[in-house]
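# A closer look at the structure
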Amino acid sequence: CSSDAGGRDNQHDHPSTFLEDNVTNESPLPPLRRGRSGTSDEIDAAIILQLQTAGRRSYTRIASELDLSESAVRRRLQRLMEDDVVRVVALTDHAHLGLDVRAIVGIRSSGDVEKLAQVLARIQEVERTAIVTGPFDLIVEVACENNDHLLAVLNQGLRKLPGVESLTTMTVLQSHDHRGPIDLR
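Residues numbered from 1 in each chain as written. Predicted model: local features only at pLDDT ≥ 70, side-chain atom pairs only at ≥ 80, totals over all residues. Heavy atoms only, no water.

## Thoughts on the overall build of the chain
Helix and strand content of the chain: 6 helices and 4 strands. Along the chain, helices (α) and strands (β) appear in the sequence α-α-α-α-β-α-β-β-α-β when read from the amino end. Here the chain holds 185 residues, and the buried ones make up 25% of them. Long-range pairs, those at least 24 residues apart, make up 61% of the contacts in the chain with a sequence separation of at least 6. (Helix = DSSP H or I, 4+ residues; strand = E, 2+ residues; numbered from the N terminus. Buried < 20%, exposed > 50% of the residue type's maximum accessible area, 1.4 Å probe, protein only. Contact = heavy atoms within 4.5 Å.)

See the structure below:
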């Protein structure tokens, strides 16, 4: 960049887009160092990375790749799960389950927001409930078979719950989840 007589930066010699200027492949945040237990180390991080890359990888294969014993991998992973550093879950494909409509619902509430979140979390169509700051008290992600099913969940379910003042519904058109490994080292 160059500066003009007023000291202001001129535009780049070649025009670029906002994304080219502002999006990198590296996270601007520092890497995570430790789990809540404070006992995670480089070996734990390497085990987690192996599972993030291939979640069904065996203890034997992880041990071989990290030059550890199988029992050491098993013990460490068990401790990581007990400390809630790692959870083993199955991810589902909504389309294969016939859940073609997903929505994010912003909820304004009155009363005990934690109690409402617990009630919402027990509804079959609700995938995730979060208590948030901002214009809503809660954000709820729902998965439905079709728009009629979504309408029924909203009108006959969510709107009728005690403490729900208003809903703002946003239909998900595409979802791009972070599925890559998180660098823990």
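## Topic: helix α5 (residues 113-121)
Within α5, the full set of buried residues consists of Leu116, Ala117 and Leu120. The arc that holds every buried residue of α5, seen down its axis, measures 105 degrees, which confines them to one face. Exposed residues pointing more than 90 degrees away from the buried face of α5 are listed as Glu114, Lys115 and Gln118. Structurally, α5 contributes buried residues whose contacts are with β1 (101-109), β2 (126-131), β3 (138-144) and β4 (164-171). Capping of α5 at its N-terminal end is provided by aspartate 112; its side-chain oxygen lies 3.0 Å from the backbone amide nitrogen of glutamate 114. (Arc of directions from axis to C-beta. Polar contact = N/O pair within 3.5 Å; in protein donor to acceptor, adjacent residues only side chain to side chain.)

## Examining the packing of helix α2 (residues 42-53) against helix α3 (residues 59-66)
Where α2 contacts α3, the two axes come as close as 11 Å, and the packing angle between them is 125 degrees. Comparing their axes, α3 and α2 come out oblique. Note on packing geometry: the crossing formed by α2 with α3 is right-handed. For the pair formed by α2 and α3, the contact residues are Ala46, Ile47, Gln50 and Leu51 on the first element and Ile62, Glu65 and Leu66 on the second. (Axes fitted to C-alpha atoms, helices over the stretch in contact; angles between N-to-C directions. Parallel < 35°, antiparallel > 145°, perpendicular 65-115°, else oblique. Left-handed = near helix turned anticlockwise from the far one by under 90°.)

## Section: the pairing of β3
With 6 of 7 residues buried, β3 lies mostly within the body of the structure. In this structure, β1 lies alongside β3, joined through 7 bridges in antiparallel fashion. Along β3, the bridge assignment pairs isoleucine 104 with glutamate 141. Bridging between β2 and β3 involves 5 bridges; their strand directions are antiparallel. From the neighbouring strand, alanine 130 faces β3, where its bridge partner is isoleucine 139. (Pairing = 2+ DSSP bridges.)

## Comments concerning the nonpolar core
Val105, Ile107, Leu120, Val142 and Leu158 are the most contacted members of the largest nonpolar core, which has 19 residues in total. Residue assignment for this core shows that the elements contributing at least two residues are β1, α5, β3, α6 (147-157) and β4. Within the second largest apolar cluster, 9 residues are counted, among which are Ile48, Leu51, Val73 and Leu77. (Core = buried A, V, L, I, M, F, W, Y, C linked by side-chain atoms within 4.5 Å.)

## Details of the packing of α3 against helix α4 (residues 70-82)
Look at α3 against α4: their axes get within 8 Å of each other, and the N-to-C directions meet at 110 degrees. Judged on the interaxial angle alone, α4 and α3 are roughly perpendicular. Along its contact with α3, which presents Tyr59, Thr60, Ile62 and Ala63, the element α4 presents Glu70, Val73, Arg74 and Leu77. In terms of residue class, the contact of α3 with α4 is built from 5 nonpolar, 1 polar and 2 charged. (Nonpolar A, V, L, I, M, F, W, Y, C, P; charged D, E, K, R; others polar.)

## Observations concerning the pattern of salt bridges
One pass over the structure, following the stated rule, counts 8 salt bridges. In this structure, glutamate 70 and arginine 74 form a salt bridge, with 2.8 Å as the shortest nitrogen-oxygen distance. Placement of the pair is glutamate 70 and arginine 74 together in helix α4, with a separation of 4 residues, close to one helical turn. Residue glutamate 70 is classed as partly exposed on the basis of its relative accessible area of 32%. (Salt bridge = Lys/Arg side-chain N within 4 Å of Asp/Glu carboxyl O.)

## Section: the environment of glycine 157
Mapped onto the elements of the fold, glycine 157 is located in helix α6. Considering only alpha carbons, one finds glycine 157 and isoleucine 123, 34 residues apart in sequence, at a separation of 8.5 Å.

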